[in-house]
Amino acid sequence: MNKKMITAIMAAVLTITTINMAQANEPKPATVAILDTALDTSIPAFQGKIVHEVCILEWNSCPNGSNFMEGPGAAVMPANLISKNGFDHGTKMAHASVLTNPNIKIVFVRIIGATSTGTRQVTNEPTFVNALNWVLSNKDKYNIQAVAMSQGHHNLGSGANYCPSTPQTESLINSLVSAGIPVFLPAGNNRDLTRVSWPACIPSAMAISATTFGDGASIYTNFDKNRTDYFAMGSMQVLAPGNILVNEAGTSVSVQVAAALYMNLKVKNPTYSYSQMVSLLDSKSVNTTGRRAKAKGKLLTVEVIGRG
């Protein structure tokens, strides 16, 4: 090998090394971790939006036959099953996020298992704990800046301390908040104006109630004057599996709207701390209106915060 060839090869190696170093040093896009049922990644609206897929279950029903999977295809289900038994919910929630903030980048974590025939498998608190643990461990790798989970239950106690005691979940939400990552959760759709659903009732969570057409509290929303952090739009047309446009309503939608609006502000203010971001959200919220006097609070809207 002559000197010219050696020089050319060394130059090529240096060029490739420089390119790889430049790519490695490129800032990672800020992402929201959406924890839900499953995702139809074939929908064109999701092109370039899904940064990573994860499956975390209590059952060996991830696409790879185990209870954990990462990478392309981890959050998907067979086309003949994803539209049954509520598994379309995750696709609709991801699209609500994209509609609210077209610049959104998503890490989608599937947390609901299904049998081979599409029957929904039971999901208990350990799944949520494992999913939050994964987010906490991978927050830097995927630049996760918020969590949005449109799941919960309304099996609550009574009185002021109605929220179930779930120390593991509460500890993880506290840890995420300490790391500057809010966890947006649905107030629920039980028309309860004194209690919000679990895990939104955990004090450090971002509990989101719903408005209809951006004015007052929706007729279905749960609300707690001491626990609801914000209201957000709860009704919109979204894409379901198969790229089918459907109407969707509930605090599930409100969670995705609130989290997507938060992400819009966070991307514009990347150095802001958690408390600074909450102050910014407060400053950009408006008061709800309408007749439901018992359910009024701070409303987050696209009109005020923008679409990214």
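Please refer to the structure placed before this passage.
So, here is what we can say about the structure in this document.

Parameters at a glance
- Residues numbered from 1 in each chain as written.
- Predicted model: local features only at pLDDT ≥ 70, side-chain atom pairs only at ≥ 80, totals over all residues.
- Heavy atoms only, no water.
- Axes fitted to C-alpha atoms, helices over the stretch in contact; angles between N-to-C directions.
- Helix = DSSP H or I, 4+ residues; strand = E, 2+ residues; numbered from the N terminus.
- Left-handed = near helix turned anticlockwise from the far one by under 90°.
- Contact = heavy atoms within 4.5 Å.
- Nonpolar A, V, L, I, M, F, W, Y, C, P; charged D, E, K, R; others polar.
- Pairing = 2+ DSSP bridges.
- Buried < 20%, exposed > 50% of the residue type's maximum accessible area, 1.4 Å probe, protein only.
- Polar contact = N/O pair within 3.5 Å; in protein donor to acceptor, adjacent residues only side chain to side chain.
- Expected span 1.5 Å × (residues − 1).
- Arc of directions from axis to C-beta.
- Salt bridge = Lys/Arg side-chain N within 4 Å of Asp/Glu carboxyl O.
- Disulfide = S-S within 2.5 Å.
- Phe/Tyr/Trp six-rings, centres within 6.5 Å; stacked < 30°, edge-to-face > 60°.
- Lys NZ or Arg CZ within 6 Å of the ring centre and 35° of its normal.

**Brief notes about the packing of helix H5 (residues 251–268) against helix H6 (residues 274–284)**
Packed helices, taken two at a time, are described by the angle their axes make and the gap between the axes.
Then comes step 1: For the pair H5 and H6, interaxial distance at closest approach is 11 Å and the crossing angle is 115 degrees. Two packed elements cross with a definite hand, and for H5 against H6 that hand is right-handed. Here Tyr262, Leu265 and Lys266 of H5 come into contact with H6, specifically with Met277, Leu280, Leu281 and Lys284.
Then comes step 2: Per-class residue counts for the contact of H5 with H6 are 5 nonpolar, no polar and 2 charged.

**A closer look at the pairing of strand E11 (residues 244–249)**
Then comes step 1: By the bridge criterion, 6 bridges tie strand E10 (residues 235–240) to E11 in an arrangement that is antiparallel. Bridged to Gln237 within E11 is Asn247.
Then comes step 2: Hairpin connection from E10 to E11: 3 residues lie between these consecutive antiparallel strands, with Gly242 at a positive phi of about 85 degrees.

**What about the environment of Ser204?**
Then comes step 1: By secondary structure assignment, the location of Ser204 is in the loop between strand E6 (183–186) and strand E7 (206–212).
Then comes step 2: Taking the relative accessible area as the measure of exposure, Ser204 reaches 17% and is therefore buried.
Then comes step 3: Placed 30 residues apart in sequence, Ser204 and Asn174 show a C-alpha to C-alpha distance of 6.1 Å.
Then comes step 4: Side-chain polar atoms of Ser204 contact the side chain of Asn174, separated by 2.6 Å.

**A few points about helix H4 (residues 167–178)**
Then comes step 1: Over its 12 residues, H4 runs 16 Å from end to end, which matches the ideal 16 Å to within 8%, given 1.5 Å per residue.
Then comes step 2: Among the residues making up H4, those that are buried are Thr169, Leu172, Ile173, Leu176 and Val177. An end-on view of H4 places all buried positions within 140 degrees of arc, on one side of the element. Across H4 from its buried face, at more than 90 degrees, point the exposed residues Pro167, Gln168 and Ser178.
Then comes step 3: Looking at the buried positions of H4, the neighbouring elements they touch are helix H3 (125–138), strand E5 (144–149), E6 and H6.

**Observations concerning the pattern of salt bridges**
Then comes step 1: Summed over all chains, the structure comprises 6 salt bridges.
Then comes step 2: Residue Lys92 pairs with Glu248 through a salt bridge whose shortest N-O separation is 2.9 Å. Residue Lys92 is located in helix H2 (residues 89–100), and its partner Glu248 is located in strand E11; the two are separated by 156 residues in the primary sequence.
Then comes step 3: Among the salt bridges present, the one from Lys139 reaches Asp140, with a minimum N-O distance of 3.4 Å.
Then comes step 4: Classification of Asp140 by relative accessible area gives exposed; the value is 58%.
Then comes step 5: A single salt-bridge network, built from bridges that share partners, covers Asp88, Lys92 and Glu248.

**Describing the state of the cysteines**
Simply put, disulfide is the name for a covalent bond between the sulfur atoms of two cysteines.
Then comes step 1: Applying the stated criterion to the full structure yields 2 disulfides.
Then comes step 2: Sequence-ordered numbering of the bonded cysteines in the protein gives a pairing of 1-2, 3-4.

**As for the environment of Gly48**
Then comes step 1: One can find Gly48 in the loop between strand E1 (31–36) and strand E2 (50–56).
Then comes step 2: A residue is classified by how much of its surface remains accessible, and Gly48, at 51% relative accessible area, is exposed.
Then comes step 3: In this structure the C-alpha to C-alpha distance between Gly48 and Lys105, which are 57 residues apart in sequence, comes to 7.9 Å.

**Topic: the packing of H2 against H5**
Then comes step 1: As a packed pair, H2 and H5 sit with axes 8 Å apart at the nearest point and diverge in direction by 40 degrees. The element H2 and its partner H5 pack so that their crossing is right-handed. From H2, His89, Met93, Ala96, Ser97 and Thr100 reach across to H5, where they touch Ser252, Val253, Gln256, Val257, Ala260 and Leu261.
Then comes step 2: For the contact of H2 with H5, a count of residues per class yields 6 nonpolar, 5 polar and no charged.

**Some remarks on the packing of aromatic side chains**
Then comes step 1: Tallied over the entire structure, the rule returns 4 aromatic pairs.
Then comes step 2: A ring pair is formed by Trp134 and Tyr142, whose centres lie 5.8 Å apart and whose planes are at 25 degrees; its orientation type is stacked. Just as Trp134 is buried, Tyr142 falls in that class too.
Then comes step 3: Directly above the aromatic system of Phe87 lies the positively charged group of Arg120, at a separation of 5.8 Å from the ring centroid.

**Observations regarding the environment of Cys55**
Then comes step 1: Position of Cys55 among the secondary structure elements: in strand E2.
Then comes step 2: Not counting chain neighbours up to four residues away, the residues in contact with Cys55 comprise Cys62, Pro63, Asn67, Phe68, Met69, Ala74 and Arg110.

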